[in-house]
Amino acid sequence: DCKWIPNSANLVVLGQYPNNQGAISVYELHKGELKTLVDRRVPMPIKCGTFGHSAEATLTGFSSVRQLATGDFAGSIQLWDIELTTSDGYFKPTDRSLDKPVVEFKKAHDSIINCIDGALYSGPPELVTGSRDGSVRVWDPRQASKPVVSLNPSDPLKARDCWSVRFGNSHTTGDRTIAAGYDNGDIKLFDLRTNKMLHEFNVSNGVCDLEFDRADIEMNKLVVGSLEGRCRFYDLRTLHSSLGYAYVEDRVSNGTVWCAKSLPQNREIAVFGGAGELTLCKYNYPPDRVLKDIDGQPKGVAGTIEELNKVKVGDQPINSIDWNKS
């Protein structure tokens, strides 16, 4: 995984070494080149990371607390203070800042944590994780004793691998929704305010990545990347009782679409990472987003996908993308 450190020209890269140790590397973008600031080995390989629980509310100002949350192959969560104050009074990544996590949730899941996301906005700081054990769990970083919410499969022996989770719909202090995507193509939307499942549907291919186009507004669109090079845009403003959410689909890669990210500065634009190429797409809204069916029930109307650009950047799959929000 890779994440930009908020409000900076630094980024963190997470993964593992050939000897099965975990890797946390911090780089600085300096005059068009990447300069290594920190290169730390940790006991367990790291699968995913996020700054969302500590940084999303500081997009308009400089934050002195940029806490990284990671999920590892052993099913544990770690919180790292990525930066410490230096002698000159500035905050910067150092080897000392990654000596050990400030908080660790041991065995948060029974298997590898595939995905993690964080949210702050106008509500409490929270983390959501998805695992190979099929469960999706919400955590409060201020208390590591147990999850706030745990969505577990009814039959653990038939559990589907959860590949992607995201927070969204955080437009008030009490509203927050989870979107979870699974290896069999299932997508589940769960409302944390009412503690109920909003909707479940299937996209026919394994969901490699999904994201709300903007997490701090009322649910608007869901961007999905899946196997067989497919991407979908769902209009989440109107839910029909039998047709579900309206969507439009396109094929943007000859391989798998491993990642899908909306541009923070323009949520109509998204980038998809596939078999070594990046595809930039724009979602065009229809003239009317809502129509009525023959029974007078409102139903959503999907827009169109316009491919803006495609570039080949390598021969290997692109499994992680992050926009710099600064």
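Basis of the calculations
- Every chain begins its residue count from 1, and numbering advances along the sequence as written.
- Local features are withheld for residues below a pLDDT of 70 in this predicted model, meaning they are given only at 70 or higher, and side-chain atom pairs are given and counted only at 80 or more; totals for whole chains, interfaces and linings count all residues.
- Hydrogen atoms and water are omitted, and side-chain values are computed over all heavy atoms in the structure.
- By the criteria applied, helices consist of DSSP H or I runs no shorter than four residues and strands consist of E runs no shorter than two, each listed in order from the N terminus.
- This radius of gyration counts C-alpha atoms alone. The globule rule is 2.2 Å times how many residues there are, raised to the power 0.38.
- Think of it in three bands: residues with accessible area under 20% of the maximum for their type are buried, residues over 50% are exposed, and the middle band is partly exposed, with areas taken using a 1.4 Å probe on protein chains only.
- Here, two residues are considered to be in contact whenever any of their heavy atoms come within 4.5 Å of each other.
- Two strands make a pair as long as DSSP finds a minimum of two bridges between them.
- The aromatic pairing rule takes the rings of Phe, Tyr and Trp, using the six-membered ring of Trp, and pairs them if the centres are within 6.5 Å, calling planes under 30 degrees apart stacked, those over 60 edge-to-face and the rest tilted.
- The rule is short: NZ of Lys or CZ of Arg within 6 Å of the ring centre and within 35 degrees of the ring normal puts a charge over the ring.
- Axis definition: a line fit to C-alpha positions, over the contact stretch in the case of helices; interaxial angles, taken between N-to-C directions, run 0 to 180 degrees.
- Think of pLDDT as the predictor's per-residue confidence, scored from 0 to 100.
- Between N or O atoms, a polar contact is any pair within 3.5 Å; within protein, one atom must be a potential hydrogen donor and the other a potential acceptor, and residues adjacent in sequence are included only when both atoms are from side chains.
- By definition, a salt bridge exists where a carboxyl oxygen of Asp or Glu is found within 4 Å of a side-chain nitrogen of Lys or Arg.

Asks: So, the overall build of the protein: which residues are in play, and what are the values?
Replies: Within the protein, the secondary structure is distributed over one helix and 28 strands. For 326 residues, the compact-globule estimate of 2.2 N^0.38 gives 20 Å, and the protein sits close to it at 20 Å. Once the C-alpha set of the protein is aligned to its principal axes, its extents read approximately 70 × 45 × 40 Å. With 326 residues in all, the protein has 52% of them scored as buried. Considering only residue pairs separated by 6 or more positions, the protein has 49% of its internal contacts joining residues 24 or more positions apart.

Asks: Summarise the pairing of strand S15 (residues 162–168); cite the residues concerned and give the values.
Replies: Across the seven residues that make up S15, a large majority, six, are buried. Here S15 pairs with strand S16 (residues 177–182) via six bridges, running antiparallel. Its bridge partner being in S16, Phe167 is matched across the sheet by Ile178.

Asks: Give me the packing of aromatic side chains: which residues, what numbers.
Replies: If you walk through the whole model with that rule in mind, you get seven aromatic pairs. Considering the side-chain rings of Phe201 and Tyr245, the 6.4 Å spacing of their centres and the 75 degrees angle between planes classify their relative orientation as edge-to-face. Separated by 44 residues along the polypeptide, Phe201 in strand S18 (residues 196–202) and Tyr245 in strand S22 (residues 244–251) bring together distant segments of the chain. On the accessibility criterion, Phe201 (13% relative accessible area) is buried. Relative to Tyr285, the ring of Tyr283 has its centre 5.1 Å away and its plane inclined at 85 degrees; by these criteria the two rings are edge-to-face. Looking at Tyr283, the relative accessible area reads 1%, which means it is buried. Put simply, the rings of Phe201, Tyr234, Tyr245 and Tyr247 pair up and form one aromatic cluster. Against the face of Phe167 rests Arg176, its NZ or CZ located 5.6 Å from the ring centre.

Asks: How would you sum up the sheet that holds strand S12 (residues 126–131)? Please name residues and give values.
Replies: Pairing in this open sheet of four strands is antiparallel, and the strands run S11-S12-S13-S14 from one edge to the other. Looking at the sheet topology across the chains shown, the edges are occupied by strand S11 (113–119) and strand S14 (149–151). Between one strand axis and the next, the sheet turns through 15 degrees on average, direction left out of account. Taken together, the four bridges between S12 and strand S13 (residues 136–139) define a ladder with antiparallel strand orientation. When the sheet's bridge partners are listed, Val128 is paired in S13 with Val138.

Asks: Go over unusual backbone geometry, please, and point to the residues and values.
Replies: With phi around 55 degrees, Asn7 is a residue other than glycine that occupies positive phi space. Backbone geometry at Lys31 places phi at a positive 55 degrees, although glycine is not the residue there. Positionally, Lys31 belongs in the loop between strand S3 (22–30) and strand S4 (33–42).

Asks: Please provide a residue-by-residue account of the confidence of the model for the protein, values included.
Replies: On average, residues of the protein score 89 in pLDDT, and 92% of them reach the 70 mark or higher. Note that residues 56–64 has pLDDT below 50 and, in this model, 13 contacts with residues that lie over four places away or in other chains.

Asks: Could you give me a rundown of the sheet that holds S15, with the residues and numbers involved?
Replies: With antiparallel pairing, four strands are arranged side by side in an open sheet as S15-S16-S17-S18. Of all strands in the sheet, those with a lone pairing partner are S15 and S18, marking the two edges. Across this sheet, the average inter-strand angle for adjacent strands is 15 degrees, counted without regard to direction.

Asks: Can you break down the side chain of Thr50 residue by residue, with the values?
Replies: Relative to the assigned elements, Thr50 resides in strand S5 (residues 46–50). Polar side-chain contacts of Thr50 include one of 3.0 Å to the backbone nitrogen of Gly52. Setting aside its immediate chain neighbours within four residues, Thr50 contacts Gln67, Leu68, Ala69, Ile116, Asp117, Gly118 and Leu127.

Asks: Account for the environment of Leu34, naming residues and giving values.
Replies: You can see Leu34 is positioned in strand S4. The class for Leu34 is exposed, based on a relative accessible area of 51%. Sequence spacing of Leu34 and Val207 is 173 residues, and the spatial spacing of their C-alpha atoms is 32 Å.

Asks: Explain the pattern of salt bridges to me, and be specific about the residues and the numbers.
Replies: Counted by the stated rule, this structure contains 15 salt bridges. The partner of Arg176 in a salt bridge is Glu126, with the nearest N and O atoms 2.8 Å apart. With a gap of 50 residues between them, Arg176 in the loop between S15 and S16 and Glu126 in strand S12 connect regions that are remote in the sequence. Comparing Arg176 with Glu126, the two get one shared label, buried. Salt bridges sharing common partners tie together Asp213, Lys221, Arg267 and Glu268.

Asks: So what's going on with the side chain of Ser226? Residues and values would help.
Replies: Of note, Ser226 is situated in strand S20 (residues 221–226). In this structure Ser226 comes out as buried when scored by relative accessible area, which is 5%.

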